[in-house]
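# Topology and contacts: notes
The residues making up each chain are set out below.
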Amino acid sequence: MPAAQPQNPLPLWLITLALIGAAAVTLLTSQGAGTSAIPYSQFQQLLDDGKVTKVVVSGDSIRGTLSEKLPDGNDNFTTVQVPPDLATTLAKHKVEFSAVGGAGPLGTLLSWVLPPLLFVGVWLFAARAMGGRGGMGGGFGGGLLSVGRSRAKLVAETDVKVSFADVAGVDEAKDELHEIVDFLKKPDEYTRLGAHIPRGILLVGPPGTGKTLLARAVAGEAGVPFYSTNGAEFVEMFVGVGAARVRDLFEQARKTSPCIIFIDELDALGRARGASPMGGQDEKEQTLNQLLAEMDGFDRSVAIVILAATNRPEILDPALLRAGRFDRQVLVDRPDKSGRVDILRIHLKPLKLADDVKLEDIAALTPGFSGADLANLGNEAALLATRRHADSIAMADFTGAVERIVAGLEKRSRILIPKERRTVAYHEMGHALVALAIPGTDPVQKVSIIPRGIGALGYTMQRPTDDRFLMSRQELEDKMAVLMGGRAAEMIVGDDVSTGASDDLAKATDIARGMVLRFGMDPGLGPVAWDTEQGNFLQQPGMFWQRRRYSEQTAHEIDVAVRNHLDTALERALEILRGNRAALDTGAEALLAHETLSGDEIPRPTPVETL
Ligand code: ADP
Ligand code: MG
Ligand code: ZN
């Protein structure tokens, strides 16, 4: 990555200001050349003395020429008229008098400067409204003159009061962040042996799960300054402004290290380059490049940790996730039942609860709720209790509040009705049991029916294998069977199937097509690369159509072969699950009760022979 400073083209507003300035100077000096501004009384005196040879009157102002030079050497003058009656009276009393007003030099200046200013303002506003910011908060605050100055809160928060005790239900994330806290507390000790601490940590998770809260807690725990910014704050209309802000921010942070820089909603800034169809691209790219350069730039011993948060990691520019940048990602997921109890304990503490309120019962009512939803729940319940003039909040208030919130959440389709939860539980348990039954597959780490991210209603997590470059035919077959486990379980327990398997089917089909088309693993079609891997280097778009290089008949054979592989995989999964029906039932029930099961809590299925 060339860490070159982006060349900032002179921003337009600067040019405009310079032009206005030049105009003003011209105006003022043209007034001054050989012309004196004199009091009106002096003008009258000169008039009486017969020294005025020529006068031009425009409104209140009078310009003219004299027959002899004034003491300052000018023979041109300007003055502003004083109303005649007043002038007469004043003259009688021998007062020196003059008037200001009309279009004096200042007024003229303003009449010159204001219209262009207004024009630039309107243009700015329109430009801002049209693109660039894509509706991301902010707005046109700060006014024209603050454009270019950093709106990032450059003042660090030095005394963050939030601690890890204020965050619950995200224990894994907390564990990962403990190390960062230790490092920020004693950077010297950590670097003594030359160890590197991760520079950037990306908190990934759905909205309201406590990402912002966690970042503040890290600062609070470590007792270091906390620079909080938002990705959207760096996105500006003018090329170079966002980059300058990033530079300012890091400069400031370096002075106060050890410290934390927190960039909330990183996706607003770090969107994959070229991904947005609208304009504003150059600016974003420059800002992003500046951020990358800054992250690469400071040496490893400077104790600055950059935390960022996003709920859309998939759209981030890959360059951001590279080693040395946000190479560590911490998942901040929706809490499971026991996590919800812990979060409720925090948020219900200040409330006055009736004796019948049990945190466990509330947690059981709120699958799929995020930490923010739970905090909101406490408040809603308190409002309901207040409305009925009770002196404490009863369980009925909580059930009422849950219903209210669920109605809102259902629109965003995060809360499952009980029948759906059942289906998801069997589906996920199906994946898990097939994986456990086939020897040699990746061990199952966790099964959950808590919706994750967008789309997935539950998940089965197999320990990520080490980077694999080669996979055997056997392994691919096993993988397909595990993917089919979800659908197979649904088929076994009910006579209907759901749409929940669509993602699994797509993945399994990809594998099957690969086996047939690219890896020569189908005996019927032979060791032929019917389809070569597409020119996917750096994900170049544009190659939509590929010429098919086989006959109509082969195409048909390929379809049949792919289909056969998938049928076989589904059949295998069905067989395994039918043979382990009891484990499937107990497992699904356990999932419904606890929502998340770790690997060793899943009932053991009878192992099967490999194919
Ligand atoms: P995010 O940044 O992930 O969208 P926030 O950190 O802004 O979520 O959370 C909003 C609020 O919800 C927090 O201020 C806190 O009151 C509550 N909250 C969210 N998650 C948790 C949690 N895990 N533990 C305790 N409170 C939480
Ligand atoms: Mg947030
Ligand atoms: Zn599935």
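Residues numbered from 1 in each chain as written. Chains lettered and ligands numbered in written order. Predicted model: local features only at pLDDT ≥ 70, side-chain atom pairs only at ≥ 80, totals over all residues. Heavy atoms only, no water.

A full pass over the atoms with the stated rule returns four aromatic pairs. A centroid spacing of 5.5 Å and a plane angle of 40° characterise the contact between Phe43 and Phe77, whose relative ring orientation is tilted. With Phe43 in helix H2 (residues 40-48) and Phe77 in strand E4 (residues 76-80), this pair connects stretches of sequence that are 34 residues apart. The residues Phe43 and Phe77 share a single accessibility class, namely buried. For the ring pair Phe226 and Phe262, a centre distance of 5.9 Å and an interplane angle of 20° mean the geometry is stacked. Linking Phe226 in strand E6 (residues 226-230) with Phe262 in strand E7 (residues 259-264), this pair joins segments that are 36 residues apart in sequence. (Phe/Tyr/Trp six-rings, centres within 6.5 Å; stacked < 30°, edge-to-face > 60°. Helix = DSSP H or I, 4+ residues; strand = E, 2+ residues; numbered from the N terminus. Buried < 20%, exposed > 50% of the residue type's maximum accessible area, 1.4 Å probe, protein only.)

Here we take up the sheet that holds E4. Taken in spatial order, the four strands of this open sheet run E1-E4-E3-E2, and their pairing is mixed. Among the strands making up the open sheet, the edge pair consists of strand E1 (35-37) and strand E2 (52-58). For this sheet, the mean inter-axis angle between neighbouring strands, taken without regard to orientation, is 25°. Pairing analysis gives six bridges linking E2 to strand E3 (residues 61-66), with the strands arranged antiparallel. Note on E3: the bridge partner recorded for Val52 is Leu66. (Pairing = 2+ DSSP bridges. Axes fitted to C-alpha atoms, helices over the stretch in contact; angles between N-to-C directions.)

Turning our attention to the coordination of the zinc ion (ligand 3). Protein-derived ligands of the zinc ion (ligand 3) are His427 (NE2), His431 (NE2) and Asp504 (OD), with the metal-ligand distances lying across 2.0 to 2.1 Å. Mapped onto the sequence, the residues coordinating the zinc ion (ligand 3) show the spacing H-x3-H-x72-D. Of the two residues, His431 sits in helix H15 (residues 418-437) while Asp504 sits in helix H17 (residues 502-518), which places them 73 residues apart along the sequence. This pair shows no difference in class: His431 is buried, exactly as Asp504 is. (Donors = N, O, S within 2.8 Å, 3.2 Å for Na, K, Ca; no water.)

With the rule as written, the count across this model stands at 18 salt bridges. Here Asp75 and Lys69 are joined by a salt bridge, their closest N and O atoms 4.0 Å apart. For Asp75, a relative accessible area of 28% translates into the label partly exposed. Its salt-bridge partner being Asp159, residue Lys161 comes within 2.6 Å of it at the nearest N-O pair. Here Lys161 and Asp159 have matching classes, each one exposed. Residues joined in a network through salt bridges with shared partners are Arg340, Arg421 and Glu595. (Salt bridge = Lys/Arg side-chain N within 4 Å of Asp/Glu carboxyl O.)

Each regular strand displays side chains that alternate between the two surfaces of the sheet. Within E7, six of the six residues are buried, which leaves it mostly tucked inside the rest of the structure. Burial along E7 is two-sided: Cys259, Ile261 and Ile263 facing one way and Ile260, Phe262 and Asp264 facing the other are all buried. Sheet analysis places E6 next to E7, joined by five bridges and oriented parallel. Counted as the bridge partner of Phe226 is Ile260 from E7. Pairing analysis gives five bridges linking E7 to strand E8 (residues 304-310), with the strands arranged parallel. Within the sheet, the bridge partner assigned to Phe262 lies in E8 and is Leu307.

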